[in-house]
Amino acid sequence: SQKIEQNSEALNIQEGKTATLTCNYTNYSPAYLQWYRQDPGRGPVFLLLIRENEKEKRKERLKVTFDTTLKQSLFHITASQPADSATYLCAPGGNAGNMLTFGGGTRLMVKP
Amino acid sequence: ETGVTQSPTHLIKTRGQQVTLRCSSQSGHNTVSWYQQALGQGPQFIFQYYREEENGRGNFPPRFSGLQFPNYSSELNVNALELDDSALYLCASSDGQGAHEKLFFGSGTQLSVL
């Protein structure tokens, strides 16, 4: 069965450093992969979408990579700020339109 | 342009009861998806509606049902509530069902089943 793995342990980093979050998937051949941010008590907010033929996508301080051979996506936040503290969710997709299957999310804590 | 709104924000029910949750889509969006999110977990797909028809369904029993109205707003109904139904229920709208279409989520309804 399809499986999506994100590090369930919180990631604690110092302000100004680069945060790197991992999304691994198995039994999947997604054409797209989406990343969302979720703050406590709120719904997820879309951040980036990367296609299978794109190796890398950037948006301001955010960078996403997509390695279909390793079945992995990496999500980077450069020059991290305390306001970046949130849970980040990945969702590989494409075979079922935008009926997304989400990973369990990784909680990021950026300390001043 | 208004975003996705859900009501109520919180709800407490007892086991065996029925509940209806409501969602207003973002203006111009014709597709609504519902997700269940247990504490500490990622959202789990329940079903999706496109132009008033159920377009796809996740691994949820038939006691989870839904509707989409001509104005694209939507309802999620859960019958015979169980304790494990306690979760945050999220509604998301999108401008179509394509895999490239991002989802716009509401803030959710927190359901507690006692």
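Provided above is the structure to which this section pertains.
Parameters at a glance
- Per chain, the residues get numbers from 1 upward, laid out in the order the sequence is written.
- Here the convention is simple: chains get letters from A, ligands get numbers from 1, in the order in which they are written.
- Reporting of local features is limited, given that this is a predicted model, to residues whose pLDDT is at least 70; pairs of side-chain atoms are given and counted only at 80 or more, and all residues count toward the totals for whole chains, interfaces and linings.
- The basis for every side-chain value is the complete set of heavy atoms in the structure, and neither hydrogens nor water enter the calculation.
- A helix here means a DSSP run of H or I that spans at least four residues, while a strand means a run of E at least two residues long, and both kinds are numbered starting from the N terminus.
- Atoms counted for the radius of gyration: C-alpha only. Globule rule: 2.2 Å times residue count to the power 0.38.
- For every residue, the accessible area (1.4 Å probe, protein chains only) is compared with the maximum for its type, and the residue is labelled buried under 20%, exposed over 50%, or partly exposed between those bounds.
- By definition, residues are in contact when any of their heavy atoms lie within 4.5 Å.
- Computed with a 1.4 Å probe, the accessible areas rest on the Shrake-Rupley method; for each residue, only the protein chains presented here act as cover.
- When a carboxyl oxygen of Asp or Glu lies within 4 Å of a side-chain nitrogen of Lys or Arg, that pair is called a salt bridge.

**Overview of the overall build of chain A**
Logical step 1: Across its full length, chain A carries zero helices and 11 strands.
Logical step 2: Overall, chain A shows an N-to-C arrangement of helices and strands of β-β-β-β-β-β-β-β-β-β-β.
Logical step 3: On C-alpha atoms alone, chain A measures out to a radius of gyration of 13 Å, which is about the 13 Å that the 2.2 N^0.38 rule sets for 112 residues.
Logical step 4: Across its three principal directions, the C-alpha atoms of chain A cover 40 × 30 × 20 Å.
Logical step 5: Across the 112 residues that make up chain A, the buried fraction comes to 45%.
Logical step 6: Summarising the internal contacts of chain A: among those between residues at least 6 apart in sequence, 55% fall at separations of at least 24.
Logical step 7: Summed over all atoms, the accessible surface of chain A reaches about 5700 Å², with 47% contributed by carbon and sulfur.

**Structural notes on the pattern of salt bridges**
Logical step 1: Inspection of every chain in the model, using the stated rule, returns 10 salt bridges over all chains.
Logical step 2: The partner of Asp-39 of chain A in a salt bridge is Arg-37 of chain A, with the nearest N and O atoms 3.1 Å apart.
Logical step 3: Under the relative-accessibility criterion, Arg-37 of chain A is labelled buried at 18%.
Logical step 4: Ionic pairing is found between Glu-75 of chain B and Arg-22 of chain B, a salt bridge with its closest N-O pair at 3.5 Å. With Glu-75 of chain B in strand β8 (residues 74-78) and Arg-22 of chain B in strand β3 (residues 19-24), this pair connects stretches of sequence that are 53 residues apart.
Logical step 5: Glu-75 of chain B sits in the buried class, given a relative accessible area of 14%.
Logical step 6: In this structure Arg-22 of chain B comes out as partly exposed when scored by relative accessible area, which is 42%.
Logical step 7: Salt bridges linked by common partners bring Glu-56, Arg-58 and Lys-63 of chain A together as one network.

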